[in-house]
Amino acid sequence: MISVLSGGTGTPKLLQGMVQVMDPEDITVIVNTVENDYFSGVYVAPDVDTVMYTLAGIINEDTWYGVKNDSFITHDRLKEIGCPETLRIGDRDRALKIQKTLLMEKEPLSKAIDIQRKELGIKSRIIPMSDQESHITITTEAGEMEFHEFLVENQGKPEVQDISYQNVDPAPGIIESIKNSDMVIIGPSNPITSIGPIISDKNVRKALQNVYVAAISPIVGYQPVSGPAAKFMDAMGHEISSLGVASIYKDFLDKFIIDLEDVDSQEEIEKLISKVMITQTIMRNMTDKINLARCILGENV
Ligand code: GDP
């Protein structure tokens, strides 16, 4: 049994490799929810949907958001009638978001996701980090912003001064899943806005301290592979490097996988984490994803 902590870009790529080398039924994915919100009348859970679409084989891999080959009839029509959307939601993607919104009239988010993933034929469990509402606030030079306001409307440009999210209770099944895991994997996701909210809960941290935890660095050669992690890490006082990521996870991390480009940091990281492995961590194709999955799973596969 393996639990994976995930955001919505780096870790889903790793999951594509993992399901090729182990039984998907033995995987539970615990997914960040602080970016969740209502847009155009539907509930949008960006990271959960990306994980779900990835495991269902329908993710748009150009954007790691939405369904591949989707149409945008509703999105375009909304613009024509003077109701432009903040997010560009495709028609097939929207149908699944409407279904989730309707399910949530009667069920908590975790149940709604479980129903959807089963309907999509996904064998792995997907658990949102919480059933409670949790918003992220990004304090910038231009004032406080919600996540999408910062990333979509302001294109991630303003200088970031602080990031905060309120503490929420873990969704049912998370602590048990971590406790029962042979290994917990922290995928190469944003350590501040994707993994940070999940590990901010004291019971999750306690559970992580009692199991074997392995992580892959999302920072390669002092830069994130994609996205705004550098700005966020800097704002929170962390060095933008694999060493900086290691310092965030050091209280519970047993194995850390860093990229070949970061070989120079190995010695410093080994002062924080007992086992450091070096391999190619950039996942450009399925072979890269499978190799990285094998590297992190080690003797477990
Ligand atoms: P978000 O929810 O869209 O921010 O996505 P995540 O938090 O899951 O992932 C963002 C992080 O994934 C970024 O910090 C990237 O540096 C990292 N990332 C994306 N692709 C790769 C990859 O192929 N290899 C590694 N090592 N990191 C990656």
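Description of the structure in this document. Within each chain, residues carry numbers counting from 1 in the order of the written sequence. Restriction of local features to residues with pLDDT of at least 70 applies here, the model being predicted, together with a cutoff of 80 or more for giving and counting side-chain atom pairs; totals for whole chains, interfaces and linings are based on all residues. Water and hydrogen atoms were dropped before computing side-chain values, which therefore reflect all heavy atoms in the structure.

Describing the sheet that holds strand 8 (residues 160-165)
Read across the sheet, 3 strands follow the order 7-6-8 without closing on themselves; strand pairing throughout is antiparallel. Edge positions in the open sheet fall to strand 7 (143-146) and strand 8, since each of these has one partner strand only. Between one strand and the next, the sheet's axes are offset by a mean angle of 25°, whatever the strand orientation. Pairing between two strands requires that DSSP report at least two bridges joining them. Helix and strand labels come from DSSP, where a helix needs a run of H or I of at least four residues and a strand needs a run of E of at least two; each type is numbered from the N terminus. In the sheet, strand 6 (residues 136-140) pairs with strand 7 via 4 bridges, with the strands oriented antiparallel. Across the sheet, residue Thr 140 finds its bridge partner in strand 7, namely Gly 143. Here an axis means a line fitted to C-alpha atoms, over the contact stretch when the element is a helix, while the angle between two N-to-C directions is reported on a 0 to 180 degree scale.

Considering the site of the ligand
Thr 9, Ser 189, Ser 194, Pro 218 and Val 225 are the nearest of the 20 residues found near the ligand. Note that an oxygen atom of the ligand is positioned 2.7 Å from one of the backbone N or O atoms of Asn 190. Between an oxygen atom of the ligand and a main-chain N or O atom of Met 283, the distance comes to 2.9 Å. Here the ligand has 590 Å² of accessible area as a free molecule, and 93% of this is covered by the chains. Whether a residue is near a molecule or strand depends on its heavy atoms: it is near if one of them lies within 4 Å of it. Pairing of N or O atoms within 3.5 Å defines a polar contact, subject to two protein rules: one partner must be a possible hydrogen donor and the other a possible acceptor, and residues neighboring in sequence count only if both atoms are side-chain atoms. Each accessible area value is a Shrake-Rupley result obtained with a 1.4 Å probe; residue values ignore everything except the protein chains displayed when judging cover.

Read these as geometric descriptors, not functional statements.
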